[in-house]
Amino acid sequence: MAASIDPNFPCALTVEVPFPTHRLASVALKALQVDKELSSLVTRSFAISAPSDGVTDTNAKGNILQAQYKATTNRMLRVAVNSFMESLALVMEVMEELDEDVLTLQDQVN
Amino acid sequence: MTKPTNTGGGPLIALGCEGSANKLGIGIISHDPTTGKTAVLANIRHTFVSPPGTGFLPKDTAKHHRTFFARIALAALRAAKVTPSQLACICYTKGPGMGAPLQSVAVAARTLSLLWDRPLVGVNHCVGHIEMGREITGATNPVVLYVSGGNTQVIAYAEQRYRIFGETLDIAVGNCLDRFARTLAISNDPAPGYNIELLARKGGAVLLDLPYAVKGMDCSFSGILGAADILAAQMRAQDKILETEGPGALKEGETRITPEDLCFSLQETVYAMLVEITERAMAHVGSAQVLIVGGVGCNERLQAMMGSMAAERGGSVYATDERFCIDNGIMIAHAGLLAYETGFVTPLAESTCTQRFRTDEMLIKWRDD
């Protein structure tokens, strides 16, 4: 949850999505941040962060996609976050099915 | 043809992703720079079919594309026996089309581009249709009639642009047909227009009176749809009278309206309009070739009417079958690869979509005639 409340966009939600690697987290960020938010009633920012539980050295560059959404109303927040989740699910499925290591593995199985 | 930018030699391979309307298509194409030959390695499509009486809504269509993207992409790679490292670029439809479906496919195409470290190429959907039609039919410099559910344009090439000579003033011809299929509540499987065509073949006893709306080089279809809807309502009123009062209950001299005659009359009217504006464009340009592209282009009645017009002018009509006429990924791969070969790529930050993207906005750098 957002630490402080923005008076212009009082409804806020931060979604943290852990990925197996920094590379995948960064692919998701780059693929998702191209499209602008359609409504001026919503602002958002993406970042990549490292886990805060002390195991940072294995994932020094961070593997968590952080999506921070702020909106004027809860309804606008819900619409924007839902749309983010739908796109995120697509990005993750493409990663699961079509990343090069997965394809190589599939070829070996077949 | 312009030399490709990468000088590795051997054929260039591209993957194309299309999802501007209710078809999700992924195709893989190969261009051989030495022979100039094009080969279709894969052309997989999955269509979102809505129940009879309904159309496809952006939200549901986008969901369909998201659901099927990964498996269609996998199927295309398998069919082509191609690995990501062999690809020169990832092409996707930038527009025009429905926003949400376009965006869902663009997100997936971006993910592929990032995972596989291959450049993106944003493609104009209309240019994709035209280039694929030229490639498949071998028509070199035709007048193009682009007719689909979202677009109706008469196009001719001049000085590296596909220029729009005439177009619809309101709805697309395919939209008129699709919505009339909804009025009759006939199936949308495999396509509403195809089912109208089948019904129309059984009709033809009478040509029902519909408005004919050609305005200069442009057409209008919404009024025709309205008039056809009124006739369909009259038909249902007749059904009711005949059901309650028995046969022979219709007024003296009243024409019994049937779905078959309605479909026949609608097709004859709108296709005659399209043939008229196409013929005028051919006369302007001095071309005897006409190429029909877009989903409505696989209608055999339209092809036949266009064929007899072209024959009278000493020319011929070029058309493709449903694999290439109806929206597909291969046309996006093809047009994208043509652009890529001239050095065009779409930087990630600019890899957005746009619902409005006119055919003549695109510089056709790969043609120098």
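Keep in mind that this is a model prediction, so the values were computed, not measured. (Residues numbered from 1 in each chain as written. Chains lettered and ligands numbered in written order. Predicted model: local features only at pLDDT ≥ 70, side-chain atom pairs only at ≥ 80, totals over all residues. Heavy atoms only, no water.)

Caption draft 1: Summary view of the overall build of chain A. A count of helical and extended segments in chain A gives 3 helices and 3 strands. When the helices and strands of chain A are listed from N to C terminus, the series reads β-α-β-β-α-α. Dimensions of chain A, computed from C-alpha atoms along their principal axes, come out at roughly 55 × 35 × 20 Å. For chain A, buried positions account for 38% of its 110 residues. Long-range contacts, defined here as pairs at least 24 residues apart, represent 63% of the contacts in chain A between residues at least 6 apart. The centroid of the 8 positive side-chain charges in chain A is displaced by 12 Å from the centroid of its 14 negative side-chain charges. (Helix = DSSP H or I, 4+ residues; strand = E, 2+ residues; numbered from the N terminus. Buried < 20%, exposed > 50% of the residue type's maximum accessible area, 1.4 Å probe, protein only. Contact = heavy atoms within 4.5 Å. Lys, Arg positive; Asp, Glu negative; His and termini not counted. Charge placed at Lys NZ, Arg CZ, Asp CG, Glu CD.)

Caption draft 2: A look at the pairing of strand β5 (residues 120-124) of chain B. All names here are of chain B. Counting buried positions over the 5 residues of β5 gives 5, a clear majority of the element. Residues Leu120, Gly122 and Asn124 point to one face of β5 and Val121 and Val123 to the other, with burial holding for every one of them. In this structure, strand β4 (residues 87-95) lies alongside β5, joined through 5 bridges in parallel fashion. Bridged to Ile90 within β5 is Leu120. (Pairing = 2+ DSSP bridges.)

Caption draft 3: Structural detail: the environment of Thr183 of chain B. All names here are of chain B. Within the element layout of this structure, Thr183 appears in helix α4 (residues 173-184). Judged by its relative accessible area of 22%, Thr183 is partly exposed. In sequence terms Thr183 and Ile164 are 19 residues apart; their C-alpha atoms lie 31 Å from each other. Not counting chain neighbours up to four residues away, the residues in contact with Thr183 comprise Asp229, Ala232 and Arg236.

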